[in-house]
Amino acid sequence: MTASVETIRDYHAHIYYEPGVTEPAAAQLREHVAEAFPVARLGRWHAVPVGPHTKAMFQIAFPVTLFATLVPWLLLNRDGLDILLHPETGDDPADHTTHAAWLGEKLPLRMDAFR
């Protein structure tokens, strides 16, 4: 069975950082995304792990139409930060694992958060 790309409503990029260590790099990346991609929605800073995430992070939500420009930009400008990139299809566990791509180190996720 093949999945249809039409099931992708939008994308999320979770930008992980270490508070007080790589936080300045994350803040700079966030500023640059806000300037270069104003249609992208920047989520709140989470200085402690939330949901399935095991590290501090913030989220960038963006439409399918922005994928071809925002993702290459993140590849070139992530400044060593680890990023989880995934589609939003309505299947959260699959979106965060099977359908996901990582820029940098693949971090563990707490999948029990989806129960």
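Cut-offs applied
Residues numbered from 1 in each chain as written. Predicted model: local features only at pLDDT ≥ 70, side-chain atom pairs only at ≥ 80, totals over all residues. Heavy atoms only, no water. Axes fitted to C-alpha atoms, helices over the stretch in contact; angles between N-to-C directions. Helix = DSSP H or I, 4+ residues; strand = E, 2+ residues; numbered from the N terminus. Parallel < 35°, antiparallel > 145°, perpendicular 65-115°, else oblique. Left-handed = near helix turned anticlockwise from the far one by under 90°. Contact = heavy atoms within 4.5 Å. Nonpolar A, V, L, I, M, F, W, Y, C, P; charged D, E, K, R; others polar. Buried < 20%, exposed > 50% of the residue type's maximum accessible area, 1.4 Å probe, protein only. Core = buried A, V, L, I, M, F, W, Y, C linked by side-chain atoms within 4.5 Å. Pairing = 2+ DSSP bridges. Expected span 1.5 Å × (residues − 1). Arc of directions from axis to C-beta.

Student: Before we go on, may I ask you to explain the packing of helix H1 (residues 23-36) against helix H2 (residues 67-77) in this structure?
Tutor: What describes two packed helices is the angle between their axes and the distance between those same axes. Direction vectors running N to C along H1 and H2 enclose 150°, while the axes themselves pass 12 Å from each other. As far as their axial angle goes, H2 and H1 are roughly antiparallel. H1 and H2 meet at a crossing whose hand is right-handed. Between H1 and H2, the residues in contact are Leu29, His32 and Val33 and Trp73, Leu74 and Asn77, respectively. Taken together, the residues that form the contact of H1 with H2 break down as four nonpolar, two polar and no charged.

Student: Explanation requested: the environment of methionine 111 in the structure shown.
Tutor: Relative to the elements of secondary structure, methionine 111 occurs in the segment after strand S5 (101-103). The spatial distance from the C-alpha of methionine 111 to the C-alpha of glycine 51 is 8.6 Å, given a sequence separation of 60 residues. The residues contacting methionine 111, other than those within four sequence positions of it, are Pro93 and Thr97.

Student: Which parts of the structure should I look at to understand the side chain of aspartate 10?
Tutor: Within the element layout of this structure, aspartate 10 appears in strand S1 (residues 10-16). Its relative accessible area of 13% is what places aspartate 10 among the buried residues.

Student: Before we go on, may I ask you to explain the environment of tryptophan 102 in this structure?
Tutor: In this fold, tryptophan 102 is placed in strand S5. In this structure tryptophan 102 comes out as buried when scored by relative accessible area, which is 19%. Sequence separation of tryptophan 102 and isoleucine 83 is 19 residues, and the distance between their C-alpha atoms is 5.8 Å. Residue contacts for tryptophan 102: discarding those within four places in its chain leaves Tyr16, Ile83, Leu84, Leu107 and Leu109.

Student: How should the nonpolar core be read in this particular structure?
Tutor: When a protein is soluble and globular, its nonpolar side chains tend to lie buried together. Counting 24 residues, the largest nonpolar core has Ala13, Ile15, Leu29, Ile60, Phe62 and Leu74 as its most contacted members. For this core, the secondary structure elements donating two or more residues are S1, H1, strand S3 (57-63), H2 and strand S4 (83-88). When neighbours within four sequence positions are excluded, phenylalanine 62 is seen to be in contact with Asp10, Tyr11, His12, Ala13, Ala40, Phe67, Leu70, Val71 and Leu85.

Student: Help me understand the sheet that holds S5, please; the structure alone is not making it clear to me.
Tutor: Sheets are built from strands that pair by backbone hydrogen bonding, the pairs being arranged parallel or antiparallel. Taking strand neighbours across the sheet as the criterion, the five strands line up as S2-S3-S1-S4-S5 in an open arrangement whose pairing is antiparallel. The open sheet is flanked by strand S2 (41-42) and S5, the only strands paired with a single partner. Where H1 meets the sheet, it contacts S1, S2 and S3, and its direction lies at approximately 20° from that of S3. Contacting S1, S3, S4 and S5, H2 crosses the sheet at an angle of about 150° to S3.

Student: Explanation requested: H1 in the structure shown.
Tutor: One turn of the α-helix equals 3.6 residues, which is why residues spaced by three or four share an orientation. Taking 1.5 Å of rise per residue, the 14 residues of H1 would be expected to cover 20 Å, and the 20 Å separating its terminal C-alpha atoms lies within 8% of that figure. Of all the positions in H1, only Ala25, Ala26, Leu29, Arg30 and Val33 are classed as buried. Relative to the axis of H1, the buried residues are bounded by an arc of 140° and lie together on one face. Along H1, the residues that are exposed and aim more than 90 degrees away from the buried face are Pro24, Glu31 and Glu35. Packed against the buried residues of H1 are S1, S2, S3 and H2.

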